[in-house]
Amino acid sequence: MSIKQIMVIGAGQMGAGIAQVFAQSGLRVKLNDMNEEALNKGLTGIERRLDRAVDKEKMTGQEKERAWKNLEGTVDLRSASNCDLVIEAVVENMEVKTKVFQSLDAITPEHAILASNTSSLPITEIAAATKRPSQVIGMHFMNPVPVMKLVEVIRALQTNDETYETIKELTEKLNKTSVEVHDFPGFVSNRILMPMINEAIYTVYEGVASVEDVDSVMKLGMNHPMGPLTLADFIGLDTCLYIMEVLHDGFGDSKYRPCPLLRQYVKAGWLGKKSGRGFYSYE
């Protein structure tokens, strides 16, 4: 199947990044958000990143202009009526996502593939909310999208081979590497990453070592580019808690129990870099 027109729903950091890489790869893409202010912020961010790439001589001015011309902003979900692929990148909430997919199911052409950028929610359940479950798939991009090379391609129980192969080939056109993943809580990336972050938080909670020393052990001893607690702050502690809850609920295993300190920080509004304070201060 040929993918010519794409829509990305959600103009936040992930959605805008996804739209950018498609536009840079020569594909026509619509960036949609129901909030016009959020849409404009997303488009401005894309333009700023493209300008920075030109300044650093990572792309030419002509390449930047071509990418920008491939991009269109819209607040109207009905603009998906001529799209071959729609990628949802809205809030990590199953009720919200299923409503989006049900709307897209009614708007998009019969051949269109519907994808979710969810980092942890079951694609099988999302697919079941549509009348085309075999054409529903997960495309979990890593953050920041323009930089990171990996895309987890998650097959729902219902996803057919044609849908998977189409998305795999498309991922290669983006100059990214796809990994085939079956639909289990947290997929691969967050099933491994989040328990490590959670265990790092437990290490602080139990007084084993300080925040700085836990991060130093993982950076200097394990050669991680960023300590797990710094990474948690960048991801957002509320997001980390949510994914741990998905893992805990999905597997019913106590090893995925979120650390009480993580819950306490989220309740305090200490969400990490975006709130100005998490395990570190960013004010």
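The structure displayed is predicted, hence computed values, not measured ones.

What to know about the overall build of the protein
Helices and strands together make up the secondary structure of the protein, namely eleven helices and eight strands. In terms of overall size, the protein behaves like a compact globule, its C-alpha atoms giving a radius of gyration of 19 Å where 283 residues would be expected to give roughly 19 Å. Based on the C-alpha atoms only, the size of the protein along its principal axes is roughly 55 × 45 × 30 Å. Residue burial in the protein is summarised as follows: out of 283 residues, 49% are buried.

Notes on the packing of helix α10 (residues 237-251) against helix α11 (residues 260-268)
The geometry of a pair of packed helices is captured by two quantities: the angle between their axes and the separation between those axes. With their axes 9 Å apart at the nearest point, α10 and α11 run at an angle of 135° to one another. Taken together, the axis directions place α10 and α11 in an arrangement best described as oblique. In this structure, α10 meets α11 at a crossing whose hand is left-handed. Between α10, through Leu 237, Asp 238, Cys 240, Leu 241 and Glu 245, and α11, the contact on the second element is made entirely by Leu 262, Arg 263, Tyr 265 and Val 266. Residue composition of the contact of α10 with α11, by class: six nonpolar, no polar and three charged.

Focus: the pairing of strand β5 (residues 113-116)
Put simply, side chains in a regular strand alternate between the two faces of the sheet. Here β5 shows two buried faces, one formed by Ile 113 and Ala 115 and the other by Leu 114 and Ser 116. Where strand β4 (residues 85-88) lies against β5, four bridges are found, and the strand directions are parallel. When the bridges of β5 are listed, Val 86 appears paired with Leu 114. Handedness of the β-α-β unit built from β4, helix α4 (residues 94-107) and β5 comes out right-handed. Considered for its hand, the β-α-β crossover made up of β5, helix α5 (residues 123-128) and strand β6 (residues 136-141) is right-handed.

As for the UniProt feature "domain: 3-hydroxyacyl-CoA dehydrogenase NAD binding" (unreviewed entry) in the protein
Under the UniProt annotation, the feature "domain: 3-hydroxyacyl-CoA dehydrogenase NAD binding" (unreviewed entry) is placed at residues 6-183. Between the end C-alpha atoms of residues 6-183 there is a gap of 24 Å, over a span that is 42% helix and 22% strand.

Things to note about the sheet that holds β6
Sheet architecture is open: eight strands sit in the order β3-β2-β1-β4-β5-β6-β7-β8, paired in mixed fashion. Both outer strands of the open sheet, β3 (71-74) and β8 (177-182), are each paired with one neighbouring strand and no more. Here the strands of the sheet are splayed against their neighbours by 25° on average, with no regard to which way each runs. When strand β1 (residues 5-9) meets β4, the two strands line up parallel, connected through four bridges. Within the sheet, the bridge partner assigned to Ile 6 lies in β4 and is Leu 85. Of the strands in this sheet, β1, β2 (28-32), β3, β4 and β6 touch helix α1 (residues 13-24), which is tilted by about 165° from β2.

With respect to the UniProt feature "domain: 3-hydroxyacyl-CoA dehydrogenase C-terminal" (unreviewed entry) in the protein
In the numbering used here, UniProt assigns the "domain: 3-hydroxyacyl-CoA dehydrogenase C-terminal" (unreviewed entry) feature to residues 186-282. A helix fraction of 62% and a strand fraction of 0% characterise residues 186-282, whose end C-alpha atoms lie 28 Å from each other.

Structural notes on the packing of helix α9 (residues 228-235) against α10
Between α9 and α10, whose axes approach to 6 Å, the crossing angle comes to 100°. Relative to α10, the element α9 lies roughly perpendicular. Residue-level contacts link Ala 232, Asp 233 and Ile 235 of α9 to Leu 237, Thr 239 and Cys 240 of α10. Grouping the constituent residues of the contact of α9 with α10 by class yields four nonpolar, one polar and one charged.

Here's the deal with the side chain of Ser 178
Mapped onto the secondary structure, Ser 178 falls in strand β8. The contact partners of Ser 178, leaving out residues within four places of it in the chain, are Val 151, Val 153, Lys 168 and Thr 171.

Some details on the packing of aromatic side chains
A full pass over the atoms with the stated rule returns five aromatic pairs. Aromatic pair Phe 251 and Tyr 256: ring centres 5.2 Å apart, planes at 25°, arrangement stacked. Ring geometry for Tyr 265 and Trp 270: centres 5.1 Å apart, planes at 85°, overall edge-to-face. By relative accessible area, Trp 270 is classed as partly exposed at 28%. Site record: aromatic cluster; members linked through ring pairs are Tyr 265, Trp 270 and Phe 279. Looking at Arg 277, its charged tip hangs above the ring of Trp 270, at a distance of 3.6 Å from the centre.

A word on the layout of surface pockets
The volume enclosed by the largest pocket comes to roughly 1700 Å³. As for the largest pocket, its lining consists of 45 residues, of which Met 14, Asn 143, Phe 234, Ile 235 and Thr 239 are closest to the centre. Grouping the amino acids of the lining of the largest pocket by side-chain chemistry returns 21 nonpolar, 16 polar and eight charged. When its volume is computed, the second largest pocket comes out at roughly 670 Å³. Along the walls of the second largest pocket sit 24 residues, with Gln 20, Gln 24, Ala 53, Met 59 and Pro 146 positioned nearest its centre.

Rules behind the numbers
- Counting restarts for each chain, with residues numbered from 1 along the sequence as it is written.
- Local features in this predicted model are restricted to residues of pLDDT 70 or higher, and side-chain atom pairs are both shown and tallied only at a pLDDT of 80 or more, whereas totals for entire chains, interfaces and linings draw on every residue.
- No hydrogens and no water enter the side-chain calculation; it runs on all heavy atoms of the structure.
- Think of it this way: any DSSP run of H or I at least four residues long counts as a helix, any run of E at least two long counts as a strand, and we number them from the N terminus.
- Radius of gyration means the value over C-alpha atoms here, while the globule rule gives 2.2 Å times the residue count to the 0.38 power.
- Buried means the residue's accessible area, taken with a 1.4 Å probe over protein chains only, is under 20% of the maximum for its type, while exposed means over 50%, and partly exposed covers the values in between.
- Lines are fitted to the C-alpha atoms to define the axes, a helix being fitted only along its stretch in contact, and any angle between axes, read from their N-to-C directions, falls within 0 to 180 degrees.
- Roughly parallel covers angles under 35 degrees, roughly antiparallel covers those over 145, roughly perpendicular covers 65 to 115, and oblique covers all other angles.
- By the definition used in this description, the sense in which the near helix is turned from the far one sets the handedness, with an anticlockwise turn below a right angle giving left-handed and a clockwise turn giving right-handed.
- By the convention used here, residues are in contact when the closest approach between their heavy atoms is within 4.5 Å.
- Basically, the charged four are Asp, Glu, Lys and Arg, the nonpolar ten are Ala, Val, Leu, Ile, Met, Phe, Trp, Tyr, Cys and Pro, and anything else, Gly included, counts as polar.
- Being paired, for any two strands, means DSSP has found at least two bridges between them.
- Consider the strands pointing away from the viewer: the crossover is right-handed when the path from the first strand over the helix to the second runs clockwise.
- UniProt positions are given in the numbering used here, feature names are shortened, and annotations may be inferred rather than shown by experiment.
- Here the aromatic set is Phe, Tyr and Trp, taking the six-membered ring for Trp, and pairing holds for ring centres within 6.5 Å; pairs whose planes are under 30 degrees apart are stacked, those over 60 apart are edge-to-face, and all others are tilted.
- A ring has a charge above it when a Lys NZ or an Arg CZ is no more than 6 Å from the ring centre and no more than 35 degrees off the ring normal.
- A 1.4 Å probe that fits into a set of points on a 1 Å grid over the protein atoms alone but cannot get out defines a cavity; an open set with protein on both sides within 12 Å along at least five of seven lines defines a pocket, and lining residues are those with an atom within 4 Å of a point.
- Grid points are joined across faces, edges and corners, and a volume is the space filled by probe spheres set on the points.

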